Each structure stands twice: as C-alpha cells, then as structure tokens.
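# Architecture and fold: a report
Residues per chain, in single letters:
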Amino acid sequence: MKIDYREHKILKDFPEAEVCNLEIGDIVDGELCIERKTAEDFVASIIDGRLFNQSLNMKNNYKMAFILISSDLEQIDKYLHFADR
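## Some points on the overall build of the chain
Each helix and strand counted, the chain has three helices and five strands in total. Going residue by residue from the N terminus, the α and β elements of the chain occur as β-α-β-β-β-α-α-β. Counting over 85 residues, the chain shows a buried share of 28%. Restricting the contact set of the chain to residue pairs at least 6 apart, pairs at least 24 apart contribute 48%.

Next up, the structure:
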C-alpha cells in the first residue's frame, strides 16, 4: 500500500504503508486508488473542476477508483451554500 505524504491524518493508522508523492489519488493498493476529500475540499473541487480531472485520471489508471468524503456530517450544512454555483 502507498499513501501520499500529504495525508497526515491517516499515516499513523497505516505504519506499514509506503509514504510517497502520489501523482494520482491519496491511497493506492495494487489496482485500487482512493482520493480522500473533506466536505469542503469536495465542494471546492467540484466548483474549480479538479474533481473531474482527478476522477478521469483515476478511472484511466486503476481498475477500482473511489472518492472518499471524510468529514463530520454535522458540518456539511456550512458547505451547502455552494450549491447555488
């Protein structure tokens, strides 16, 4: 398993993982690729278009690709104002 070095919050949970600079995704294990997002980053990446490029890169390079939204759902309301865009 490889984990991007910027994923500080989960590195301690996977001490056996190889920490590296991943070009695609945040967690890679064989043909599995996971992109982790907070609710805020998920909404922002939709607005600025990053999410679509990231999804396409994951789809084109891995058999299994997932976007994992990792946030406190009670906080999601504060991001809903982006829906007007």
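Following the structure, the description resumes.
## Some remarks on the sheet that holds strand β5 (residues 64-69)
If you trace the five strands from one edge of the open sheet to the other, you get β2-β1-β3-β4-β5, paired in mixed fashion. Bordering the open sheet on either side are β2 (18-20) and β5, each of which pairs with just one other strand. If you compare each strand with its neighbour and ignore which way they point, the axes differ by 20° on average. Where helix α2 (residues 39-47) meets the sheet, its contacts fall on β4 (32-37) and β5, and the angle it forms with β4 comes to roughly 100°. Each of β4 and β5 is contacted by helix α3 (residues 50-61), which is oriented at about 165° to β4, the strand it contacts most.

## Describing the pattern of salt bridges
On inspection of all chains with the given rule, the structure shows six salt bridges. The residue Arg6 makes a salt bridge to Asp4 at a minimum N-O spacing of 2.6 Å. The exposure class assigned to Asp4 is buried, which follows from its relative accessible area of 1%. Through salt bridges with shared partners, a single ionic network connects Glu35, Lys37, Asp41, Asp48 and Arg50.

## Things to note about the layout of surface pockets
By volume, the largest pocket is sized at about 160 Å³. Asp4, Arg6, Glu7, Leu22, Glu23, Ile24, Gly25, Asp26, Glu35, Gln54, Asn57 and Met58 are the residues that line the largest pocket. Top element by residues in the lining of the largest pocket is α3. It accounts for three residues. A per-class count over the lining of the largest pocket returns three nonpolar, three polar and six charged.

The rules we used
Residues numbered from 1 in each chain as written. Predicted model: local features only at pLDDT ≥ 70, side-chain atom pairs only at ≥ 80, totals over all residues. Heavy atoms only, no water. Helix = DSSP H or I, 4+ residues; strand = E, 2+ residues; numbered from the N terminus. Buried < 20%, exposed > 50% of the residue type's maximum accessible area, 1.4 Å probe, protein only. Contact = heavy atoms within 4.5 Å. Pairing = 2+ DSSP bridges. Axes fitted to C-alpha atoms, helices over the stretch in contact; angles between N-to-C directions. Salt bridge = Lys/Arg side-chain N within 4 Å of Asp/Glu carboxyl O. 1 Å grid on protein atoms, 1.4 Å probe; cavity = no way out; pocket = protein on both sides within 12 Å on 5 of 7 lines; lining within 4 Å. Points joined across faces, edges and corners; volume = space filled by probe spheres on them. Nonpolar A, V, L, I, M, F, W, Y, C, P; charged D, E, K, R; others polar.

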